[in-house]
Structure formats: C-alpha cells, structure tokens
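Chain by chain, the residues:
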Amino acid sequence: MSQVQTAPRTIVDRQTAVKWLRQMHLIRRFEERAAFLYQSQKIGGFCHLYNGQEACAVGSIGMLREDDYLITAYRDHGHALARGMDPKPAMAELLGKSTGCSTGKGGSMHFFEAEKNFLGGHAIVGSHIPLATGVAFAAKYKKTDSVCLCYFGDGAINQGSFHEALNMAGMWKLPAIYYVENNLIAMGTQLERSSAVLDLTVRGGDPFKMPAYRVDANDVEQVAEITQLAIARARAGEGPTFIEAITYRFRGHSMSDPQKYRTKEDLEKAKQRDPILLWENRLLQRGWIDESSLEQMRDEIKEEVEAAIEFAENSPEPGPEDLYTNITVAPYIPQESD
Amino acid sequence: MPILAYRDALNQAMAEEMERDDNVYLMGEEVAEYNGAYKVSQGLWERFGSRRVIDTPISEEGFAGIGIGSAMVGLRPIIEFMTFSFSLVAIDQILNNAANMRYMSGGQFSVPIVFRGSSGMAGCLAATHSHRLEAIYSHFPGLTVVMPATAADAKGLLKSSIRSDDPVIFIEHENLYGEKGEVPDGDVLTPIGKANVVREGSDVTLLTYSRSLINTLAAAEQLAGEGVSAEVIDLRTLRPLDLDTILTSVVKTHRCVIIEENWPYCGIGAGVADRIYQKVFDELDAPIRRVTVKDAPIPYNRNLEASMLPTVDRIVAKINDVLYRNA
C-alpha cells in the first residue's frame, strides 16, 4: 500500500503559495522569539519547538475548509498558527496570561482555538489519537463531510492508543487523516531503536485497511498534494488515510536538550533542506516573489511577532479567582477540606 | 407506580434520552448485537440501529477516547464499560482528557459524556474484576461521580447524567441489576449532587451509597427493635458531595457511621469524615466510625470474599460503638 511521492506539482495559486511562505516564516520567527523568552525565563514548563517541520502543518492545514477539524500533540505552535491563530493570544499563552488562547491554563503544550476547530495540543503521547478518531466519528454521525486531521510524532505510534484508534477508524471508514510527523527522533530515541519496522507506512496502512503514503515534508507542495488526496477520500466516505511525513526538527526535543543523539554535521546537512528555503527558492524561480517582496514579508513578520510579545507582556495574569473557573459547565463546588 | 429492575430502569433512561436527543449514542463492548454483557442495553440496538448503538472491539482506551473526541464537537456519548474494572485500561483518557479538557482549553471545549457500567465485589470474580474505583475518580476535579442504589435513582440519575454538560462517572453495581423498585414513568430527573435521606432518625447518622444501602437499612431496622433511631442517608453523588444534607443530619444526631464497599485507606469515607470533622467537630459526641471492605486484594474464595464485606453485623457493631452501647 505504501507509495512514495517524489515529483512536486503546482497545486495552489500564487496567492496561496505566498501565504504559505508567510505562515512558515511566521512560525519560525514566532518560535525563535519564544526560545529567547524561554531562556529569559518568561516562559515556563516545557516548550517544544517546530523549527524545521513547518511545511508539514502549513501544507496540510492549508488544504482544509473552515468546517474541518485538526488536533495535534504538544509540539503545537506551528499547527495553531497555520490554522490562522493570531500570534497575540498564542504568545500570551506562552507567558501564561489570561489573554492567552487557553486563558493561561494550558501553556505551550495545550493551545486551543474552538472557533477555528483547532482541538488542541495534547501532551500525553498518543492520547489525542482516539480523540481525533472521535471527532471524525462525530462528523460521520452528523452526516457532514468534514474531516479531521490528526498529527503525532514517530514516538506516538508505539502507544496502544494509536493501534486501537486506527483500527476503529479503518473498520468504520471514518473521515480522519493521520499524520505521523516522522522527525526520526522520539525525544532522544532514534527510530531504529523504537520501531521494528522503519517504513512507518507499513505500520499505519495495511493493518488498518487504509492507504498509506510517505511524503517528503520539507516540500510544502508535496504535503499539500497528498493531503488533498486524503481529504477527497475522506469526504467521499471512503475512510481514513495514513501519511508518513518525513521531516526533521532543527532544535532539541524541548528547550533543555543537549542533543547528544545526533552530530552537528547531521543537523547542518538537514538544514540545507530547510523547508522554508526550498519553498522560497521555488517561488523565486516561478517568479511569484522577488527579493524585495521577501524582504518586506520578513519585516512585516518581525513587527507582527514583536507586537505579539508586547501584547503578551502587557496582558494581565489570571486572577486568584480564575483557579476555579472553567472546571465544569455546572456551577463548580470545590471539595476543599474546610 | 411501575415496578422495575435496576437494569431495566437504566435501559429505560437510555431509551428515553436517545429518543429525545439524536446526539445521544451508546458505545461499548457487546452493547449492541449481544444486548449488553449484563443486558442493560437489551433491545436498544434493535430499536435505534447501528448508527446509535455501537459495538466496539476490546479497546477501552480507544473507544473511551473516541467518546471524548465526539463529545468535544457536540455529541453526547454514553460509553459502557463492561465493568469499571476495565476502565483502568482507559484511565488516561478519563483523567487526562475528559476531566481536564474544559479547564485546559480555557472553557472552549466541554465534554458531555457518561462513562457507565457495573462495578463492585459481585462474587468470586477475584482481584482484577472486583474493583471499586469511586474513590479514585472522586479525587479528580472536573469529574462528576454518581452511584445509584435503587432502581428509581438508576433511572433518574442516569437521565440527569446524560443531560449533564460535564463528564460523569456513573457506577452501577453488578449485584443490584436484578433489584426491583418503584420507578416513576417518563421524564423524571433526579438531581446530581443531592443526597437522599432514606430513613429518618435521631440517634445516629448512617452514610452510605450503592449496594451498601441494603445492609445499612437492615442494620437500622435491626437496631430500631432495640430502641435506636438511625437516620440513613444515601449519598448518591460522591462528587460533588451533598455536604449540607450530611451536616444537617450529623448536627441533629451527633453521631455518624460511614459504610462503603471500598478499602479503608483514602476511601470515600475517609474524605467524607474529614469534611465532617472540619465543619462540625464540636457537634460530635463520638468519633466517626467506618465500615469498609477489609484491606486486602479481593480473593476468589467465596467465604474469604464474604468476610471482607460490610455485613449487617459489622455495621451494627460500629453503630453500637458510636452510641457507646458496647461497654
């Protein structure tokens, strides 16, 4: 069932193509600034950066309709921004502010935006794969043709939740698209130390009676093309698709990662295929952008991210009364001792 | 008023709610074509079809998560665990996803879901199939924990739970499925979070829930013959606890015994006793006593298992303790 996509085709118009480049730049800049804020201790907890993987979120989410859904794991900033989240509430969430996209209660790993059908970042590895399957189940139950995109890492496919959920999705022909963003390293464990089979399409396809594809996720256009195919299949009621997106993260697993599992040479080599550079060069070749419009784009994004930081820094912290809000829909009765 | 078995009352509640709201569906192992391992879903598949009554593979974590995901986007799933002992396999979904989703998303996503199924020490099922997990689930903010003891409450509380916008852990008792009682016809909703004073009395307050209500009432009846007036309260909802009803009674009787089919350490009674002590310590004329399951894994052997349970004799002894009648 495994198929390898190689030749990029032009599948979106100039306007969308440029928008995608802008989104990738925005994600990169947003996270570079987030890393700086983390180091200056304005961001707490864990912070997992998406640098290097941007094309995967942008090319796939870019093919969705407004009434489609997406859900992802804890490395979630890129997916949120690709879905159109305003960088202001995104940055405010990182700083734990009440104006954040989860009102300061979720943090980096738990971004949400209901209005855009973004069902969150989820931090227990593999735990959200059944949730995605449930969203797809609901789409079919309600007789809509919406689809649900679900992203997870190569570490997650070893969880039981993955196998349980994909089995039911395959059996019930649910409109779900499962993306394993294979960045080759699950925290510090290389794929060959975590999976008996290195071709992950073997693990996600035939066992669950769904087509499986491998795609070079440094190429935003290839990601989009394969996603388009999967979406059409899901909308037609033909069921789910499994996509192995080969990618690479340029930063550590989280902010405190000495990265002893790879060499500097490995990293430098990977960076030569930076998805942003590849896309930029292709658009330059097509004559869809030029150096001056690129310069202007970068400047605008810098300003946009600095405005987001300013907004986040000037936003209020949640108040002590917020500890007890939004626990239940019914009036919440804390079960305190006294 | 019609007399129904506890299992049929549950069935009626689900049928009525599914009839009322197309977003309500039932999913679990053997709930459809097999009519339920304990026949709670008898006839529902035939009546509502495969779209709304759905058999799953043996994948508790998977279908619990599917239920939660579908609830996040507007459905109202009833997820049946064949027994709550099997919910341990799905506990990440329940505790991390169902309980936290609303909070973590800043109120953007709620999870209107009911997890229901049998529970308890049903006889010779040994350690893995006899779990009582209510204390664990009651520990977690975000969950509502309901445990009906009677057929009427089985129906009324299940209907309220299905209409709740929050995740509800609805724990039935395997040995109660055949218990019969009067059940009001039609749309009667028993409120969540309200205990029920089942028997009024003035000398001692007996707090209990689920199957233990039967032995507690028997103990109260036995002691009535000796001139002891016991007030029996069925907690019904364990989270949030109906503290007002409990405290009103304890302030009246000044004595309290808590009876549960649960281990003693960190059990429901431990939490309830703590709350009584913190609020009305000065009203108590004796320390609160507890009747629990003995602190060992549940053995297969019938006699050993029976020796652990809160029997009428054990309950009477503790009531006599708090009344200082043993001296």
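These figures come from a predicted structure and were not determined experimentally.

Of regular secondary structure, chain B possesses 12 helices and 14 strands. Scaling as 2.2 N^0.38, a compact globule of 327 residues should have a C-alpha radius of gyration of about 20 Å, and chain B matches this with 20 Å. If you line up chain B on its principal axes, its C-alpha atoms span 65 × 45 × 40 Å. Here chain B displays about 11,700 Å² of accessible surface, and carbon together with sulfur accounts for 51% of that area. Averaging the coordinates of the 30 positive side-chain charges in chain B and doing the same for the 43 negative ones gives two points 2 Å apart.

Residue and element names in this part refer to chain B. Domains assigned within chain B are domain 1 (3–182) and domain 2 (196–322). The C-alpha-based centres of domain 1 and domain 2 are spaced at 26 Å. Across the boundary between the two partners, domain 1 contributes 30 residues, which contact 26 residues of domain 2. Across the interface of domain 1 and domain 2, roughly 2,300 Å² is buried in total on both sides, 56% from carbon and sulfur atoms.

Attention shifts here to the nonpolar core. Counting residues in hydrophobic clusters, the biggest one holds 86 residues, and the most contacted among them are Phe137, Phe152 and Tyr178 of chain A together with Phe115 and Ile276 of chain B. Three or more residues apiece are contributed to this core by two domains, here domain 1 (3–182) and domain 2 (196–322) of chain B. Excluding residues that lie within four positions of it along the chain, Phe152 of chain A makes contacts with His128, Ile129, Ile157, Phe162, Tyr178, Tyr179, Val180, Glu181 and Phe242 of chain A.

Residue and element names in this part refer to chain B. The strand order across the open sheet built from 5 strands is E9-E11-E10-E13-E14, with neighbouring strands paired in mixed fashion. Sheet topology places strand E9 (196–199) and strand E14 (289–291) at the edges, where each strand pairs with a single neighbour. Averaged over all neighbouring strand pairs, the angle between strand axes comes to 25 degrees, with direction disregarded. One ladder, built from 3 bridges, connects E9 with strand E11 (residues 230–234); its direction is antiparallel. When the sheet's bridge partners are listed, Arg199 is paired in E11 with Val232.

Attention now goes to the packing of helix H8 (residues 212–224) of chain B against helix H12 (residues 312–322) of chain B. Residue and element names in this part refer to chain B. Two numbers describe how H8 lies on H12: the axes approach to 9 Å, and their chain directions differ by 55 degrees. In terms of orientation, H8 and H12 fall into the oblique class. The way H8 lies across H12 gives a crossing that is right-handed. Residue-level contacts link Asn215, Thr216, Ala218, Ala219, Gln222 and Leu223 of H8 to Val312, Ile315, Val316, Ile319 and Asn320 of H12. Per-class residue counts for the contact of H8 with H12 are 7 nonpolar, 4 polar and no charged.

Turning to helix H5 (residues 128–141) of chain A, a few remarks are in order. Residue and element names in this part refer to chain A. In this model H5 runs 19 Å from its N-terminal to its C-terminal C-alpha over 14 residues, within 8% of the 20 Å that 1.5 Å per residue would give. A large share of H5 lies buried, amounting to 13 of its 14 residues. One or two positions beyond H5, positive phi appears at Lys143, with a value near 60 degrees.

Below, the discussion takes up the packing of aromatic side chains. Applying the stated criterion across every chain, the model contains 17 aromatic pairs over all chains. Joined through ring pairs, the aromatic side chains of Phe63, Phe81, Phe84, Phe115 and Tyr137 of chain B make up one cluster. The side chain of Arg286 of chain A reaches across the aromatic face of Trp288 of chain A, ending 5.3 Å from its centre. Sitting over the ring of Trp263 of chain B, Arg132 of chain B keeps its end group 4.4 Å from the ring centre.

Moving on, we get to empty space enclosed by the protein. Enumeration according to the criterion identifies 2 cavities of 30 Å³ or more in this entry. For the largest cavity, the calculated volume is near 60 Å³. In terms of lining residues, the largest cavity is bounded by Ser119, Gly120, Arg132, Glu134, Met147, His173, Tyr209, Ser210, Arg211, Ser212 and Glu261 of chain B. Here the residues of the lining of the largest cavity sort into 2 nonpolar, 5 polar and 4 charged. Split by domain, the residues of the lining of the largest cavity number at least three in each of domain 1 (3–182) and domain 2 (196–322) of chain B. Considering the residues around the second largest cavity, the lining is formed by Ile327 and Thr328 of chain A together with Ala98, Ala99, Met101, Arg102, Ser110, Val111, Asp166 and Pro167 of chain B.

Now for the interface of chain B and chain A. Facing the 50 residues of chain B at the interface are 47 residues of chain A. Buried area between chain B and chain A, both sides added, is near 3,900 Å², and the carbon and sulfur share of it is 62%. For the interface between chain B and chain A, the tally reads 0 salt bridges. Viewed at the interface, chain A and chain B are joined by 25 residue pairs in polar contact (both at pLDDT 80 or more). Counting residues per element, the ones that place at least two in the side of chain B that touches chain A are strand E2 (24–28), strand E3 (53–55), helix H3 (60–72), helix H4 (91–98), helix H5 (101–104) and helix H10 (268–280) of chain B. Among the elements that take part in the side of chain B that touches chain A, H3 of chain B stands out by supplying 10 residues, more than any other. Within the side of chain B that touches chain A, the residues separate by chemical class into 18 nonpolar, 18 polar and 14 charged.

A few words on the pattern of salt bridges. Residue and element names in this part refer to chain B. The final tally for this structure, using the stated rule, is 38 salt bridges over all chains. As a salt-bridge pair, Asp22 and Arg51 come within 2.8 Å of each other at their nearest N and O atoms. You can see Asp22 sitting in the loop between helix H1 (6–20) and E2 and its partner Arg51 sitting in the loop between helix H2 (44–48) and E3, a full 29 residues away along the chain. You can call Arg51 partly exposed: its relative accessible area is 30%. Across the salt bridge formed by Asp321 and Arg289, the nearest N and O atoms sit 3.6 Å from each other.

We now examine the packing of H5 of chain A against helix H6 (residues 160–172) of chain A. Residues and elements named next belong to chain A. The contact between H5 and H6 brings their axes to 8 Å, and the two run at 20 degrees. In terms of axis orientation, H5 runs roughly parallel to H6. For the pair H5 and H6, the crossing hand works out as left-handed. Residues Ile129, Pro130, Thr133, Phe137 and Lys140 of H5 pack against Ser161, Phe162, Ala165, Leu166, Ala169 and Trp172 of H6. Tallied by class, residues from the contact of H5 with H6 come to 8 nonpolar, 2 polar and 1 charged.

It is worth spelling out the pairing of strand E7 (residues 168–171) of chain B at this point. All names here are of chain B. Across the two faces of E7 the burial is the same, with Val168 and Phe170 and Ile169 and Ile171 all buried. Pairing between strand E5 (residues 114–118) and E7: 4 bridges, direction parallel. Bridging across to E7, Phe115 finds its partner in Ile169. As paired elements, strand E6 (residues 144–146) and E7 share 3 bridges and run parallel to each other. Along E7, the bridge assignment pairs Thr144 with Val168.

Quick look at the environment of Thr83 of chain B now. Residues and elements named next belong to chain B. Structurally, the position occupied by Thr83 is in strand E4 (residues 76–83). You can call Thr83 buried: its relative accessible area is 6%. Considering only alpha carbons, one finds Thr83 and Lys155, 72 residues apart in sequence, at a separation of 19 Å.

Here we come to the layout of surface pockets. Put simply, the largest pocket is a space of about 530 Å³. The biggest single contributor to the lining of the largest pocket is H10 of chain B, with 6 residues. When grouped by side-chain class, the residues that make up the lining of the largest pocket number 12 nonpolar, 6 polar and 4 charged. The two domains that each donate at least three residues to the lining of the largest pocket are domain 1 (3–182) and domain 2 (196–322) of chain B. Its boundaries defined by the atoms lining it, the second largest pocket holds a volume of some 430 Å³. Together, 22 residues line the second largest pocket, and Pro331 and Ile333 of chain A together with Ile192, Gly193 and Pro240 of chain B are the ones closest to its centre. For the lining of the second largest pocket, the class distribution of residues is 10 nonpolar, 5 polar and 7 charged.

Thresholds applied
Residues numbered from 1 in each chain as written. Chains lettered and ligands numbered in written order. Predicted model: local features only at pLDDT ≥ 70, side-chain atom pairs only at ≥ 80, totals over all residues. Heavy atoms only, no water. Helix = DSSP H or I, 4+ residues; strand = E, 2+ residues; numbered from the N terminus. Rg over C-alpha atoms; globule rule 2.2 N^0.38 Å. Areas by Shrake-Rupley, 256 points an atom, 1.4 Å probe, with all protein chains shown as cover. Lys, Arg positive; Asp, Glu negative; His and termini not counted. Charge placed at Lys NZ, Arg CZ, Asp CG, Glu CD. Domains from an automatic or database assignment. Contact = heavy atoms within 4.5 Å. Buried area = accessible area lost by both parts, 1.4 Å probe. Core = buried A, V, L, I, M, F, W, Y, C linked by side-chain atoms within 4.5 Å. Buried < 20%, exposed > 50% of the residue type's maximum accessible area, 1.4 Å probe, protein only. Pairing = 2+ DSSP bridges. Axes fitted to C-alpha atoms, helices over the stretch in contact; angles between N-to-C directions. Parallel < 35°, antiparallel > 145°, perpendicular 65-115°, else oblique. Left-handed = near helix turned anticlockwise from the far one by under 90°. Nonpolar A, V, L, I, M, F, W, Y, C, P; charged D, E, K, R; others polar. Expected span 1.5 Å × (residues − 1). Phe/Tyr/Trp six-rings, centres within 6.5 Å; stacked < 30°, edge-to-face > 60°. Lys NZ or Arg CZ within 6 Å of the ring centre and 35° of its normal. 1 Å grid on protein atoms, 1.4 Å probe; cavity = no way out; pocket = protein on both sides within 12 Å on 5 of 7 lines; lining within 4 Å. Points joined across faces, edges and corners; volume = space filled by probe spheres on them. Salt bridge = Lys/Arg side-chain N within 4 Å of Asp/Glu carboxyl O. Polar contact = N/O pair within 3.5 Å; in protein donor to acceptor, adjacent residues only side chain to side chain.

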